[in-house]
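Summary of structural features
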Amino acid sequence: MSVQTIRNVFSVETGYRLSDDQIVNHFPNHYELTRKDLMVKNIKRYRKELEKEGSPLAEKDENGKYIYLDFVPVTFMLPADYNLFVEEFRKNPSSTWIMKPCGKAQGKGIFLINKLSQIKKWSRDSKTSSYKLGFCRFCTVKYTPSTSELDNMFVHLTNVAIQKHGDDYNHIHGGKWTVSNLRLYLESTRGKEVTNKLFDEIHWIIVQSLKAVAPVMNNDKHCFECYGYDIIIDDKLKPWLIEVNASPSLTSSTANDRILKYNLINDTLNIAVPNGEIPDCKWNKSPPKEVLGNYEVLYDEEMAQSDGPERDLRSRPGQSTGTKGNRGRDTGKPALTTWK
C-alpha cells in the first residue's frame, strides 16, 4: 500500500479496522522515522533520554560529542531553527550545507548553499533486519568542493532520477555497485579491519535510529515495514545517516537492479507471510532462520531486554566485550550475537 493509503486505513474518520488475516506494509506513523525532520527530532530525544537514565550509550568525549551516537550530521529545521543555524553557519562560513525538504523524495527540492543570503527569506518565519543485497550509488561526475559547482546536481546528488539525465550516465550499471562489491573494494584498498568497522557502524546506526522512534511508533500487530536507509560515507569511512525512506523505490533501472529488488520483495514477503499462507497477525513474528533469505537479524528486542543497554554497548564496534564480543574463532567476522 502507498503511504497515503496507509494514512487513510488508520484514520479515525474512516472507521476501518484490519482483520486478523490482513497485514500491511507500513506502520500507522512510520513518518516518525521516514520524515527527515521527525527522524532527527526523535534521535535527539533518544539521546537525551539515555543521558537522563545514565546509560553508557550516551557517553561523551572531552569535546562534548557523543562517542556512540554521533551518526547524524548537524541538522537544523528551517525556519524554526533559523537563528541556531545562522550561529552554526558563522562558525564555519566557508562550509557548504545541503537543504532537503522534509517530505519529498527522489532528489526533489534539494539544493546546496554556501551563503546565508541564499536562504534569507526563511528568516522571516520564526526484531530489526538488514538486507545484505543492498546497493551503493555514485555520481556520474567526480566530486569537487568548488563553489563553482554548487548548482551541478550531477556532482552532488546520487539519485537516479537526477543522474539518468546526465551525459555520462551509464545505462548498464546505472551508477550503482552492489554492497558486496563495495566491501571487496574497501577491503582491498583500505583493509579488512577498517571495512568491518564501517559495516558494523552502519548496522549500529540502523538499530539505534529504530530504537529512537520505538517509543512513539504505533507498533500495530497488523503492520510490517521495509525501510530504505540512505547513508553517506565520508573520506574517513565514517557513515552518516541522511534519511530513511518509507517507500524505497522498487522500480528497476538495470538488469541487476531488477534481480536485487525481485529478491528483496520475495524475501520480505516470505518473512511477513511465511509459506505463502493467509496472513495471521497472531503469528509469532520471529521467523525461523531458513526463511530469512538475504536478510540478517541485527536486533532482537526480546533478547536485548534480558541484557539491557550493556549488551548494546558490547555490540558497539571497537569495544572490549569479553567472551561474547570477541570475534568468532578465526573467521575475522563479528560474533553472531553482536546485534541481538
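Residues numbered from 1 in each chain as written. Predicted model: local features only at pLDDT ≥ 70, side-chain atom pairs only at ≥ 80, totals over all residues. Heavy atoms only, no water.

In the annotation of an unreviewed UniProt entry, the chain is listed under the name Polyglutamylase complex subunit TTLL1 and assigned to Callipepla squamata.

**With respect to the packing of helix α3 (residues 36–53) against helix α8 (residues 192–213)**
At their nearest, the axes of α3 and α8 sit 8 Å apart, and the two run at 85° to each other. Taken together, α3 and α8 sit at an angle that is classed as roughly perpendicular. Residues Asn42, Ile43, Arg45 and Tyr46 of α3 pack against Gln208, Ser209, Lys211, Ala212 and Val213 of α8. Here the contact of α3 with α8 is built from residues that sort into four nonpolar, three polar and two charged. (Axes fitted to C-alpha atoms, helices over the stretch in contact; angles between N-to-C directions. Helix = DSSP H or I, 4+ residues; strand = E, 2+ residues; numbered from the N terminus. Parallel < 35°, antiparallel > 145°, perpendicular 65-115°, else oblique. Contact = heavy atoms within 4.5 Å. Nonpolar A, V, L, I, M, F, W, Y, C, P; charged D, E, K, R; others polar.)

**A short note on the nonpolar core**
Leu33, Phe71, Tyr227, Tyr229 and Leu241 are the most contacted members of the largest nonpolar core, which has 40 residues in total. Those elements giving two or more residues to this core turn out to be α1 (3–9), α3, α7 (179–189), α8, β7 (239–245) and β8 (295–299). Among the elements that take part in this core, α8 stands out by supplying ten residues, more than any other. Not counting the four nearest positions on each side in its chain, Tyr227 is found in contact with Phe27, His30, Leu33, Thr34, Leu210, Met217, Val244, Asn245, Ala246 and Pro248. Counting nine residues, the second largest nonpolar core, distinct from the first, contains Phe85, Val86, Met99 and Leu116. (Core = buried A, V, L, I, M, F, W, Y, C linked by side-chain atoms within 4.5 Å. Buried < 20%, exposed > 50% of the residue type's maximum accessible area, 1.4 Å probe, protein only.)

**Quick look at a nonpolar patch on the surface**
On the surface, a cluster of nonpolar side chains totalling about 290 Å² of accessible area is made up of Phe138, Trp177 and Tyr185. On the basis of relative accessible area, Phe138 is assigned to the partly exposed category, the value being 35%. (Patch = residues over 30% accessible without salt bridge, like charges linked within 9 Å, V, L, I, M, F, W, Y side chains within 5 Å. Areas by Shrake-Rupley, 256 points an atom, 1.4 Å probe, with all protein chains shown as cover. Salt bridge = Lys/Arg side-chain N within 4 Å of Asp/Glu carboxyl O.)

**Focus on the packing of α7 against α8**
For any two helices packed against each other, the geometry is given by the interaxial angle and the distance between the axes. Two elements in contact, α7 and α8, have axes whose closest approach is 8 Å; the angle formed by their N-to-C orientations is 140°. Counted together, Val179, Leu182, Arg183, Leu186 and Glu187 of α7 and Lys192, Thr195, Asn196, Leu198 and Phe199 of α8 form the full contact between these two elements. For the contact of α7 with α8, the residue count by class is five nonpolar, two polar and three charged.

**Some points on helix α9 (residues 255–272)**
For the α-helix, the turn length of 3.6 residues means that residues three or four positions removed from each other point alike. Its 18 residues place the ends of α9 26 Å apart at the C-alpha level, agreeing with the 26 Å of an ideal helix rising 1.5 Å per residue. Residues Asp257, Leu260, Lys261, Leu264, Asp267, Thr268 and Ala272 constitute the buried set of α9. Seen end-on, α9 carries its buried residues on one side only, within an arc spanning 130°. Within α9, the exposed residues directed more than 90 degrees away from the buried face are Arg258, Ile259 and Tyr262. The elements touched by buried residues of α9 are β3 (128–131), β4 (135–137), β5 (176–178) and β8. (Expected span 1.5 Å × (residues − 1). Arc of directions from axis to C-beta.)

**A word on the side chain of Ser209**
Along the polypeptide, Ser209 turns up in helix α8. The class for Ser209 is buried, based on a relative accessible area of 0%. In this structure, Ser209 is in contact with Leu33, Ile43, Phe71, Tyr229 and Leu241, ignoring residues within four places of it in sequence.

**Some points on the packing of aromatic side chains**
Taken as a whole, this structure holds seven aromatic pairs when the rule is applied. Note on Phe85 and Trp97: the rings are 4.9 Å apart at their centroids and 85° apart in plane angle, and the pair reads as edge-to-face. Separated by twelve residues along the polypeptide, Phe85 in helix α4 (residues 82–91) and Trp97 in strand β1 (residues 97–99) bring together distant segments of the chain. Of the two residues, Phe85 and Trp97, neither departs from the other in class, the shared state being buried. With 5.4 Å between their ring centres and 65° between their planes, Trp177 and Tyr185 make a pair best called edge-to-face. Residue Trp177 is classed as partly exposed on the basis of its relative accessible area of 33%. Residue classification places Tyr185 among the partly exposed positions, given a relative accessible area of 43%. When the ring centre of Phe135 is taken as origin, the NZ or CZ atom of Lys176, which lies over that ring, is 4.3 Å away. Above the ring of Trp240, the side-chain terminus of Lys238 is found at 4.7 Å from the ring centroid. (Phe/Tyr/Trp six-rings, centres within 6.5 Å; stacked < 30°, edge-to-face > 60°. Lys NZ or Arg CZ within 6 Å of the ring centre and 35° of its normal.)

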